[in-house]
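Each chain is listed here by its residues.
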Amino acid sequence: MLAAVPPVYGLYSSFYPVLLYTFFGTSRHISIGTFAVISLMIGSVAVREVPDFYTLPVNGSNESAILNGTIQEKRVQVAVALTTLVGIIQILLGILRFGFVAIYLTEPLVRGFTTAAAVHVVVSQLKYLLGVKTKRFSGPLSVIFSVQAVLSKITSTNIATLILGLVCLVFLYGVKDLNQRFKKKIPIPIPGEIIVVIVSTGVSYGMKLAGDYNVDVVGDIPTGLKTPAAPDFLLFSSLVTDAFAIAIVGFSMGISLAKIFALKHNYSVDSNQELIALGLCNFISSFFQTFTITCSMSRSLVQESTGGKTQVAGLLGSLLVLLVIVAIGFVFEPLPQTALAAIIMVNLLGMFKQFRDIPALWRTSKIELAIWLVTFVASVLLGLDYGLLSAITFALLTVIYRTQSPKNAVLGRIANTGLYYNIDEYEEATECEGIKIFHSNSSIYFANCDLYVSALKEKTGVNPEDLQAARKAQKKQKANCSVTCSPKRPVELFVCKDNEQAATHEILSFNKTMEDQTNGNLGEIRMEADTEDVAFLESSGSVHSIILDWTHASFIDSVGAKAIKQVIKEYAAVDIRVVIAGCNSNLLSELDQLEFFTGNLNTEMLFPTLHDAVLHCQHSPPKITS
């Protein structure tokens, strides 16, 4: 009914696709069939292509005749053509290995998406539970418009429909609770759904609820199967965009639930095969007058909660649907729609329990919590198609954010070992004399290379630009001092001194003997400035080597490579050598392709481990150029 086609086509769509999925699908627990959100999307397309007042010219005049039979037939044609196109798109995407998109459907995204889908389904069932007539909505804000439409008609609620629906809700909830509490003591779960269908159908028939109380029932169910027929290919051109959106949402819904059940029951599903299986189900079944199907959330939850462990359960279910179609369909004509709405709502309670993820994610991962909430809100407000696109985009942005804001640290060595750890976190880790080891847990590319270089200078405390400025200031002071200072007074000297392990810069302090009568206050001011420069050069000048730990770097692009080359040159200008440790073979190949090793840079600056790099820097001091 949500798909704007007669109810019997829902039975067709619950038979052929389920039969096909049994042989082509990889999930053991999902049940293929109609899904409310997909049905709403199909219904919106069918109503758009064939409006309620679909007219045809009569006798060549401008007059038109409203043909109710023609409206239904045309809408069925649109739904069938749309299903064929969806099947073709899904098969092609599966062949092209488009199933890789499933890797971007992280668990928080999947759980937020399925919870939002449950909200859409529940809202779509409200009008059936209350027995009110409202306009159908789809697209962005459809949930808000649907709720608003139901609330605007709340005064026209059918009391008999509401009472029957609430009784079914309470009964089903009680049965579910009993099955859960005593599942170890009850050999077979109580089939609450079957009891509700049988009892509500009997009550509706016996009390003539449809005639005397205006309770909406399923209505006419023709007996027998339709003969195969080709869809109307002329409709394809106007349905391509809608078909693509439905194909993606259908696959996302199916793979999301499949992954949830697979994770729960410890097995895996093949996303590409799932895409092909759904495509075959839609394409082949469309020739038998079905409309688009995917994983039925409510049926899957019923099947899993009642003990179904393989697709044999789905196969048996499809055979029972076949029995209804060919023999006993008329028995269910008095079935109240409110009873079906109650069954769907109760079985979606499991999806709403996923709101419990929010406090857990708040304690463990704020970023994953943001993904869950953005997915849920976007899918509820924008619809599942635009919501899914927004959710995947946001999830990818969080990856970029994490790589742009990596954890940086200066590493120190654990005594008498070759192990190196963050000196801020481990008291036993001490820095090697004259060596700074910079660690970052991210790759280096255009989005974070500037941040990487800034963090390198900040963490190591050695900024080549500041060192250059200090040296220039010192040279200027020497020149001034040679003119103004007494020849008897020694001047400040910058001495480079080699020892066995490293080259260290030492500054000889000023002689305290000053001629106050000659220099006066000017000498005191100059003395303070000289002391500051000396202290800075002493603290920074003791570092002769910097090691870049690339153990966790997986790739580097041309922008990142240029930034690293530039910073190596800057440090070389102030006599500080930069070497790289832990560079894997793939990263090394990328550096070769980017022509990183040119000029003064060569592969001798690469070391397989941090310890190798440290030993080299300790026993091979850099050459001093200034």
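As the structure is a computational prediction, the values presented were derived from the model and not from experiment.

With that settled, the discussion passes to the overall build of the protein chain. Assigned secondary structure in the protein chain consists of 25 helices and 13 strands. Buried positions account for 48% of the 626 residues belonging to the protein chain. Of all intrachain contacts in the protein chain linking residues separated by at least 6 positions in sequence, the fraction that spans at least 24 positions is 80%. A total accessible area of about 31,200 Å² is found for the protein chain, and carbon and sulfur atoms account for 61% of it.

End to end, helix α7 (residues 159–181) covers 33 Å across 23 residues, agreeing with the expected 33 Å (1.5 Å per residue, within 8%). Of all the residues in α7, the buried ones are Thr161, Leu164, Gly165, Cys168, Leu169, Leu172, Val175 and Asn179. Its buried side turned inward, α7 meets α5 (107–130), α8 (192–207), α9 (209–212) and α14 (337–347). If you check the start of α7, you find a side-chain oxygen 3.1 Å away from the backbone N of Ala160, and it comes from Asn158.

Quick look at unusual backbone geometry now. One non-glycine residue with positive phi stands out, namely Leu141, at about 65°. Among the structural elements, Leu141 can be located in the loop between α5 and α6 (142–152). When its relative accessible area of 36% is taken as the criterion, Leu141 is described as partly exposed. For Gln289, which is not a glycine, the phi torsion comes out positive at approximately 65°.

Membership of the largest hydrophobic core comes to 101 residues, with the highest contact counts inside it found for Ile30, Phe35, Ile42, Leu109, Leu257, Met297 and Leu348. With 13 residues, the single largest contributor to this core is helix α10 (residues 240–265). What Phe35 contacts, discounting residues up to four positions off in sequence, is Ala117, Val121, Met253, Thr294, Cys295, Met297 and Leu384. Tyr420, Ala455, Ile546 and Ala581 belong to the second-largest nonpolar core, a separate cluster that totals 47 residues.

Across all of its chains, the model carries 15 aromatic pairs by this definition. With a centroid separation of 5.5 Å and 45° between ring planes, the pair formed by Tyr445 and Phe555 is classed as tilted. With Tyr445 in the loop between β8 (435–440) and α19 (449–460) and Phe555 in the loop between β11 (545–549) and α23 (558–572), this residue pair connects regions lying 110 residues apart in the sequence. On the basis of relative accessibility, which here comes to 35%, the residue Phe555 falls in the partly exposed class.

Quick look at the pairing of strand β12 (residues 577–581) now. Across the five residues of β12, five count as buried, placing the element largely inside the fold. Burial along β12 is two-sided: the face carrying Arg577, Val579 and Ala581 and the face carrying Val578 and Ile580 are both buried. The parallel pair β11 and β12 is bridged by α23, and the resulting crossover is right-handed. Viewed along the sheet, the connection from β12 through helix α24 (residues 585–593) into strand β13 (residues 606–607) turns out right-handed.

With that settled, the discussion passes to the pattern of salt bridges. In total, this model carries nine salt bridges according to the counting rule given. The partner of Arg48 in a salt bridge is Asp242, with the nearest N and O atoms 2.8 Å apart. Linking Arg48 in helix α3 (residues 36–49) with Asp242 in helix α10, this pair joins segments that are 194 residues apart in sequence. Residue Arg48 is classed as partly exposed on the basis of its relative accessible area of 43%. Put simply, Arg111 and Asp357 hold a salt bridge, and the shortest N to O gap is 2.5 Å. You can see Arg111 sitting in helix α5 and its partner Asp357 sitting in helix α16 (residues 357–364), a full 246 residues away along the chain. Ionic contacts of the salt-bridge type, sharing partners, join the residues Arg48, Glu49 and Asp242 into one network.

Turning next to a nonpolar patch on the surface. A cluster of nonpolar side chains, namely Leu141, Ile144, Phe145, Val377, Leu381, Leu382 and Tyr386, defines an oily patch on the protein surface of about 560 Å² accessible area. With three residues, the top contributor of residues to the nonpolar patch is helix α17 (residues 366–382). Tracing the backbone through its elements, the reader meets Leu381 in helix α17. What makes Leu381 partly exposed here is its relative accessible area of 31%.

Two elements in contact, helix α2 (residues 16–24) and helix α11 (residues 271–286), have axes separated by 9 Å at closest approach and are oriented at 145°. Judged by the sense of rotation from one axis to the other, the crossing of α2 with α11 is right-handed. The residues of α11 that touch α2, namely those facing Tyr16, Pro17, Leu20, Tyr21 and Phe24, are Gln273, Glu274, Ala277, Leu280, Cys281, Ile284 and Ser285. When the residues that make up the contact of α2 with α11 are grouped by side-chain class, the tally is nine nonpolar, two polar and one charged.

Okay, the environment of Met41 next. Positionally, Met41 belongs in helix α3. Overall, the relative accessible area of 14% leaves Met41 in the buried class. Sequence-wise, Met41 and Asp242 are 201 residues apart; in three dimensions their C-alpha atoms are separated by 8.3 Å. Excluding anything up to four places from it in sequence, Met41 contacts Ala245, Ile246, Val249 and Asp385.

Take the packing of α5 against helix α18 (residues 384–404) next. For any two helices packed against each other, the geometry is given by the interaxial angle and the distance between the axes. Orientation of α5 relative to α18, taken along the N-to-C sense of each, is 160°, at an axis distance of 11 Å. The orientation of α5 relative to α18 falls into the category roughly antiparallel. As for how α5 packs across α18, the hand of that crossing is right-handed. On the side of α5, the interface is formed by Leu109, Phe113, Ala117 and His120, while α18 contributes Leu384, Leu388, Ala391, Ile392 and Ala395. Of the residues in the contact of α5 with α18, the class split is eight nonpolar, one polar and no charged.

Reading guide: rules and limits
Residues numbered from 1 in each chain as written. Predicted model: local features only at pLDDT ≥ 70, side-chain atom pairs only at ≥ 80, totals over all residues. Heavy atoms only, no water. Helix = DSSP H or I, 4+ residues; strand = E, 2+ residues; numbered from the N terminus. Buried < 20%, exposed > 50% of the residue type's maximum accessible area, 1.4 Å probe, protein only. Contact = heavy atoms within 4.5 Å. Areas by Shrake-Rupley, 256 points an atom, 1.4 Å probe, with all protein chains shown as cover. Expected span 1.5 Å × (residues − 1). Polar contact = N/O pair within 3.5 Å; in protein donor to acceptor, adjacent residues only side chain to side chain. Core = buried A, V, L, I, M, F, W, Y, C linked by side-chain atoms within 4.5 Å. Phe/Tyr/Trp six-rings, centres within 6.5 Å; stacked < 30°, edge-to-face > 60°. Right-handed = clockwise from strand over helix to strand, strands pointing away. Salt bridge = Lys/Arg side-chain N within 4 Å of Asp/Glu carboxyl O. Patch = residues over 30% accessible without salt bridge, like charges linked within 9 Å, V, L, I, M, F, W, Y side chains within 5 Å. Axes fitted to C-alpha atoms, helices over the stretch in contact; angles between N-to-C directions. Left-handed = near helix turned anticlockwise from the far one by under 90°. Nonpolar A, V, L, I, M, F, W, Y, C, P; charged D, E, K, R; others polar. Parallel < 35°, antiparallel > 145°, perpendicular 65-115°, else oblique.

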